[in-house]
Structures are given as C-alpha cells and as structure tokens.
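Structure assessment
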Amino acid sequence: MTRLRDERTPPPEFRRLVHEIAMLVLYEATADLGTAPADVRTPLAAYKGVRLAQTVGLVPVLRAGIGMVEAALQLIPEAQVWHIGLFRDEHTLRPIEYYNKLPSAATAQVCLVLDPMLATGGSSVATIEILKRWGARRVKYVGLIAAPEGVKALNDAHPDVPIHIASLDEKLNDKGYIVPGLGDAGDRQFGTS
Ligand code: PRP
Ligand code: URA
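1. Examining the nonpolar core
In terms of nonpolar packing, the biggest core is built from 32 residues, with Leu4, Leu26, Leu112, Leu114 and Val142 touching the most fellow members. For this core, the secondary structure elements donating two or more residues are helix 2 (11-29), strand 3 (56-62), helix 3 (69-75) and strand 7 (110-114). Among the elements that line this core, the one with the most residues is helix 2, at eight residues. Ranked by size, the runner-up nonpolar core spans 22 residues in total, among them Val61, Cys111, Ala126 and Ala146.

2. Considerations on the side chain of aspartate 169
With respect to the secondary-structure elements, aspartate 169 resides in the loop between strand 12 (167-168) and strand 13 (171-172). Exposure remark for aspartate 169: the relative accessible area of 7% places this residue in the buried category. Within the structure, aspartate 169 has its side chain in polar contact with the side chain of arginine 5 (distance 2.7 Å). Those residues in contact with aspartate 169 that lie beyond four places of it in its chain are Arg5, Ile145, Ala146, Pro148, Ile178, Val179, Pro180 and Gly181.

3. Focus: the site of ligand 2
As a structural note, the neighbourhood of ligand 2 is formed by Arg88, Met117, Ala119, Gly176, Tyr177, Ile178, Gly183, Asp184 and Ala185. With respect to ligand 2, the backbone of glycine 183 contributes an N or O atom lying 2.7 Å from a nitrogen atom. The separation between an oxygen atom of ligand 2 and a polar main-chain atom of alanine 185 is 2.8 Å. Protein contact buries 89% of the 240 Å² of open area that ligand 2 shows by itself. The cavity where ligand 2 resides is the largest pocket. When the residues that make up the shell around ligand 2 are grouped by side-chain class, the tally is five nonpolar, two polar and two charged.

Analysis parameters
Residues numbered from 1 in each chain as written. Chains lettered and ligands numbered in written order. Predicted model: local features only at pLDDT ≥ 70, side-chain atom pairs only at ≥ 80, totals over all residues. Heavy atoms only, no water. Core = buried A, V, L, I, M, F, W, Y, C linked by side-chain atoms within 4.5 Å. Buried < 20%, exposed > 50% of the residue type's maximum accessible area, 1.4 Å probe, protein only. Helix = DSSP H or I, 4+ residues; strand = E, 2+ residues; numbered from the N terminus. Polar contact = N/O pair within 3.5 Å; in protein donor to acceptor, adjacent residues only side chain to side chain. Contact = heavy atoms within 4.5 Å. Near = heavy atom within 4 Å. Areas by Shrake-Rupley, 256 points an atom, 1.4 Å probe, with all protein chains shown as cover. 1 Å grid on protein atoms, 1.4 Å probe; cavity = no way out; pocket = protein on both sides within 12 Å on 5 of 7 lines; lining within 4 Å. Sits in = over half its atoms within 2 Å of the grid points. Nonpolar A, V, L, I, M, F, W, Y, C, P; charged D, E, K, R; others polar.

This is the structure in structure tokens:
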C-alpha cells in the first residue's frame, strides 16, 4: 500500500500493485461463498473436498475497477464480468452513468463490485442501485482505499452490502479526493491526467 500511494510509482508498477492488493482483499471477500461437496481421489486415498457452488458476477466500475478484474478472475476463473461505466462530475461529485453491460437477467448469485476508491461513495451507491434494480440479491463491495464519508454513505444506502478494503483513510479533501489516498486511481493506472 505504501508503494501504491507513493506519487513516484509509475503506471506499470501501480497496475501490478493494484492487481496484487486486490487479490489479497478478494481472498477475504470470497471466504464465505457457498461450497458444495466435491469428492476426489488423491494418489493415496479418497478425499472429501469442496468446490465453489455459487455463481459470481464481477462488476468492475470503469475505469479504475478494470485493474482489479484479472485478480478476481485468477481466483474465480468461471466468473462473468459485467462492466459499468461511471465518472464523477468534477463540480457536483455526483456519478454520471455512461456504460452498462449487464445481461438481460440477473444470473449470478453473488455480485462483487470492484472499484479501488470509495470516496464520497456516490459511484458505489449508484452502481449497487443499478445492480439491485436489475435483480441482484447478494452484493459485496471490494476496494482498496476508503474514506470514512464513503463507508458511511454506502452503509446508509445499502446496509446489506459488506465493504472489503485494504485501508480506511483519514478524510476527503474539499475536491472529494481521499487523503492521504493515492490521487486519481484511473489516471495513475492508465497514465492519464
Ligand atoms: C473514481 C473511482 C471511483 C470514484 C470514487 O472514478 O474509480 O469510481 O472515483 O469516488 P466517489 O466515491 O466519490 O464516487 P472516476 O470518477 O475518477 O472515474 P475514472 O475511474 O474513469 O477515472
Ligand atoms: N477517485 C479517485 O480515484 N481518487 C480519490 O481520491 C477519489 C475519487
């Protein structure tokens, strides 16, 4: 997390760190997914194992959530990926939806919203509203850094949605950026500014 935050970390290393830390957070976020028995034989004996029994939809919020998708697919290769595009209006800080690739019916039993930054919470609250209107019943938020304001907004709007993050930071500044944070997660991944 220290290297991720460091303003000198260039985009290739930044993307690698987003991937690595996302996988660690996802390990916790997926720990309670339902399993079913799966019996196999080792070379020595019968073994009563388990397999993942729930269908999972990954919902990366464009752009910054894209960097977390590969990590999630390494853990759950059979998951479907449904992209949602939102950006924050820089004056109002309200999310504007510009892309939605949800299938016509809610097919997954669990949706994991992937977005590294939970700042005002507007983007995540809006994404989860879209998912619930569409029919999603179980949703989890998976991110990297949150501000207390964003955690409160998400908890108030969607108390049923657990929040999994790597770090709870101090506050938002007057432009809605997380402090100390890491700056703009989309810009830092994709080398834009
Ligand atoms: C960032 C980030 C979140 C949002 C968080 O996206 O990836 O989606 O801001 O802020 P909020 O909690 O106040 O809504 P941004 O709007 O910068 O778009 P980008 O990923 O395309 O750069
Ligand atoms: N979005 C970001 O990428 N960073 C912030 O600090 C807040 C919103």
